[in-house]
Amino acid sequence: MEENEKCGCWAVLKRTVSDASKSSPSSKHSPNSIPRVTLLYDSATETRYLNASNRDFCPPAEARLSFDNAPPPPSSEDKNKRQLLKFSFQELRSATGNFRPDSILGEGGFGFVFKGWIEENGTAPAKPGSGITVAVKSLKPDGLQGHREWEAEVSFLGQLHHPNLVKLIGYCIEDDQRLLVYEFMTRGSLENHLFRRTIPLPWSNRIKIALAAAKGLAFLHNGPEPVIYRDFKTSNILLDTEYNAKLSDFGLAKAGPQGDKTHVSTRVVGTYGYAAPEYLMTGHLTSKSDVYSFGVVLLEILTGRRSMDKKRPSGEQNLVSWARPYLEDKRKLYHIVDPRLELNYSIQGVQKISKLASHCISRDPKSRPTMDEVVKFLIPLQDLNDLAILAYHSRLSQQGRRKKKSDGLHQLTYTQSRNIRTSPMNVGIVHRRR
Ligand SMILES: Nc1ncnc2c1ncn2[C@@H]1O[C@H](COP(=O)(O)OP(=O)(O)OP(=O)(O)O)[C@@H](O)[C@H]1O
Ligand SMILES: [Mg+2]
């Protein structure tokens, strides 16, 4: 038996990395090695898990609660409708070209995600570029907790189907291997588009994504057995070719409170910068914790800044604390808009998104809107065309015309003066590249 066949993808990867590190520095960028940078978390931006160090730690009572709270296995009738495919490890190894480093789509707390190809209607691997493109997530062999989150993912995503939830195609469980096979989302995560790409994400796409993600959360909260997502963040919002957004990663999802219970008590898990303050303090989880995280993502969409960014000056590292004072003040608001948009945003859209974000991140969870209300609020924002750049040009041409006319005798009409007052050019906005 070939050595690779005796061990899993993690062993294959570990070996590739150690081989790469043993070789000359110039081999760092060889196509046969994983660039080391992809193997390291970005400590400067620190958006990893709370309790990352106790990923293996889970008190027994909570451990039981976590899985007991996952939805029950599908009924036999459901099973016929939406059966997950069960892949063998060998099939997924072939589908991903032996877990080739250059097919890595990303890395999260649970492990690497690889691009692969499978035949239509089955689990057989296909040649690259043929059949169906999939994303294969391999869980690090990190013990009980990883397995539990893998189970939660299979349990939740195997049963929940919605256009704004990523589709789980199947799974692999073989010895200590745990893998998940998802539909491939061509454009990757919102995190990539907001913070890593050089081309800024257009305003209309930002609204489209916010609305789709809100619909995904509303679906989870409003089902007959409500689900609290618990890990809403930009890296878990995946995009297809048309920028349709879908939520991924249900490893931390929890069944919502049952009967007259107001909350679920849990160990605090989630990601720095996104978790609601009352959840951090008490461990009491409600759907309003997700609404808070949604507000944080709205702020990231509006500002182009990460929820937590250690590279920024001390007063600006936590996005919520930095942005809160600006949100309520229409005149200061434009200071925090993503400068990469360069006035290509709707003026009213910015005002409304700020208002909504401020509402979602209210300190009192009861003051936060429901996700249904959020969806209703966002729908009309798709049609706003009052771009700041247009207001700017109209202001310039008005100034030009005024100069030509009498010096100062020209009276502004009410509409003109109102346009000028609300124009970003007149509220002290200076957009500079940060
Ligand atoms: N279905 C998919 N299609 C395309 N790319 C994907 C898919 N799933 C994940 N990815 C890519 O892999 C990256 C890592 O995903 P993963 O969910 O493992 O980690 P994460 O969300 O970045 O972090 P965390 O572990 O904290 O949730 C994503 O950011 C995305 O770029
Ligand atoms: Mg994720």
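Residues numbered from 1 in each chain as written. Chains lettered and ligands numbered in written order. Predicted model: local features only at pLDDT ≥ 70, side-chain atom pairs only at ≥ 80, totals over all residues. Heavy atoms only, no water.

Draft legend 1. Structural context of the coordination of the magnesium ion (ligand 2). In the first shell of the magnesium ion (ligand 2), the protein supplies Asn-236 (OD1) and Asp-249 (OD), at 1.9 to 2.0 Å from the metal. Remark: Asp-249 occurs in the loop between β9 (245-247) and β10 (254-255) and Asn-236 occurs in the loop between β7 (227-228) and β8 (237-239); sequence separation between them is 13 residues. With a relative accessible area of 11%, Asp-249 lands in the buried category. (Donors = N, O, S within 2.8 Å, 3.2 Å for Na, K, Ca; no water. Helix = DSSP H or I, 4+ residues; strand = E, 2+ residues; numbered from the N terminus. Buried < 20%, exposed > 50% of the residue type's maximum accessible area, 1.4 Å probe, protein only.)

Draft legend 2. Layout of the packing of helix α12 (residues 347-360) against helix α13 (residues 371-378). One way to put it is that α12 packs onto α13 with a least axis distance of 11 Å and a crossing angle of 175°. Taken as axis vectors, α12 and α13 run roughly antiparallel relative to one another. Residues Lys-352, Ile-353, Leu-356 and Cys-360 of α12 form the contact with α13, whose own contacting residues are Val-374, Phe-377 and Leu-378. Of the residues assigned to the contact of α12 with α13, the class counts are 6 nonpolar, no polar and 1 charged. (Axes fitted to C-alpha atoms, helices over the stretch in contact; angles between N-to-C directions. Parallel < 35°, antiparallel > 145°, perpendicular 65-115°, else oblique. Contact = heavy atoms within 4.5 Å. Nonpolar A, V, L, I, M, F, W, Y, C, P; charged D, E, K, R; others polar.)

Draft legend 3. Summary view of the pattern of salt bridges. In the structure shown here, the tally under the stated rule is 10 salt bridges. The salt bridge partner of Lys-137 is Asp-249, with a shortest N-O separation of 2.4 Å. Of the two residues, Lys-137 sits in strand β4 (residues 132-138) while Asp-249 sits in the loop between β9 and β10, which places them 112 residues apart along the sequence. In this structure, Lys-137 and Asp-249 share a single accessibility class: buried. Two residues, Arg-305 and Glu-316, come together in a salt bridge whose shortest N-O distance is 2.9 Å. Taken together, the residues span a long stretch of sequence, with Arg-305 in the loop between α10 (287-303) and α11 (319-327) and Glu-316 in the loop between α10 and α11 at a distance of 11 residues. Under the relative-accessibility criterion, Arg-305 is labelled buried at 5%. Within this structure, Glu-191, Arg-196 and Arg-306 form a network of salt bridges that share partners. (Salt bridge = Lys/Arg side-chain N within 4 Å of Asp/Glu carboxyl O.)

Draft legend 4. A look at the site of ligand 1. By nearness alone, 21 residues border ligand 1, and Gly-109, Met-185, Lys-233, Asn-236 and Asp-249 come closest of all. Between ligand 1 and Glu-183, the relevant distance is 3.0 Å, taken from a nitrogen atom to a main-chain nitrogen or oxygen of the residue. Ser-235 is positioned such that a nitrogen or oxygen atom in its side chain is 3.0 Å from an oxygen atom of ligand 1. Against a free-state accessible area of 610 Å², the protein chains account for coverage of 95% of ligand 1. (Near = heavy atom within 4 Å. Polar contact = N/O pair within 3.5 Å; in protein donor to acceptor, adjacent residues only side chain to side chain. Areas by Shrake-Rupley, 256 points an atom, 1.4 Å probe, with all protein chains shown as cover.)

Draft legend 5. Geometry of the nonpolar core. Counting residues in hydrophobic clusters, the biggest one holds 84 residues, and the most contacted among them are Leu-220, Phe-232, Ile-237, Leu-247, Phe-294, Tyr-345 and Leu-378. No other element matches helix α8 (residues 203-222), which puts 11 residues into this core. If you count residues domain by domain, this core takes at least three from each of domain 1 (85-183) and domain 2 (188-388). Leave out the neighbours within four places in its chain, and Leu-220 touches Leu-160, Leu-165, Pro-226, Val-227, Tyr-229, Leu-247 and Phe-250. (Core = buried A, V, L, I, M, F, W, Y, C linked by side-chain atoms within 4.5 Å. Domains from an automatic or database assignment.)

Draft legend 6. Looking closely at the packing of aromatic side chains. Tallying each qualifying case throughout the model produces 9 aromatic pairs. Residues Phe-232 and Phe-294 carry aromatic rings whose centres are separated by 5.5 Å and whose planes lie at 40° to one another, so their mutual orientation is tilted. Pair noted here: Phe-232 is in the loop between β7 and β8 and Phe-294 is in helix α10, with a separation of 62 residues, a long-range link. Like Phe-232, the residue Phe-294 is buried in the burial classification. Between Tyr-334 and Tyr-345, the ring centres sit 6.1 Å apart and the planes meet at 20°, which makes this aromatic pair stacked. Of this pair, Tyr-334 sits in the loop between α11 and α12 while Tyr-345 sits in the loop between α11 and α12, and the two are 11 residues apart along the sequence. Relative accessible area serves as the criterion here: at 0%, Tyr-345 is assigned to the buried category. Every member of this aromatic cluster is reached through a ring pair, and the members are Phe-89, Phe-99, Phe-112 and Phe-114. (Phe/Tyr/Trp six-rings, centres within 6.5 Å; stacked < 30°, edge-to-face > 60°.)

Draft legend 7. Representation of the sheet that holds strand β2 (residues 104-107) within the structure. If you trace the 6 strands from one edge of the open sheet to the other, you get β1-β5-β6-β4-β3-β2, paired in mixed fashion. At either end of the open sheet lies a strand with only one pairing partner, and these are β1 (85-86) and β2. The sheet contact formed by β1 and strand β5 (residues 168-174) spans 2 bridges and is parallel. What sits directly across from Lys-86, in β5, is Tyr-171. (Pairing = 2+ DSSP bridges.)

Draft legend 8. The environment of Trp-203, seen in detail. Tracing the sequence through the fold places Trp-203 in helix α8. In this structure the C-alpha to C-alpha distance between Trp-203 and Leu-387, which are 184 residues apart in sequence, comes to 9.6 Å. If we ignore the near neighbours within four places in the chain, the residues touching Trp-203 are Leu-302, Leu-341, Asn-344, Tyr-345, Ser-346, Gly-349, Val-350 and Ile-353.

Draft legend 9. Just helix α14 (residues 388-404), in detail. Here α14 contains 17 residues, and its C-alpha end-to-end distance of 25 Å stays within 8% of the 24 Å for a straight helix at 1.5 Å per residue. Looking only at α14, the buried set comprises Ala-388, Arg-395 and Gln-398. Projected down its long axis, α14 shows its buried positions confined to an angular sector of 75°, all on one face. Exposed residues lying more than 90 degrees from the buried face of α14 are Leu-390 and Lys-404. (Expected span 1.5 Å × (residues − 1). Arc of directions from axis to C-beta.)

Draft legend 10. Molecular detail of the confidence of the model for the chain. This prediction gives the chain a mean pLDDT of 78; 70% of its residues lie at or above 70. Contacts of residues 1-7 to residues separated by more than four positions or lying in other chains number 12 contacts, the stretch itself having pLDDT below 50. Between residues 425-430, whose pLDDT stays under 50, and residues either more than four places distant or in other chains, the model counts 12 contacts. (pLDDT = per-residue confidence, 0-100.)

Draft legend 11. Seen up close, the environment of Phe-156. When you line up the elements, Phe-156 lands in helix α6 (residues 144-157). Taking the C-alpha atoms as reference points, Phe-156 and Phe-250, 94 residues apart in sequence, are found 6.6 Å from one another.

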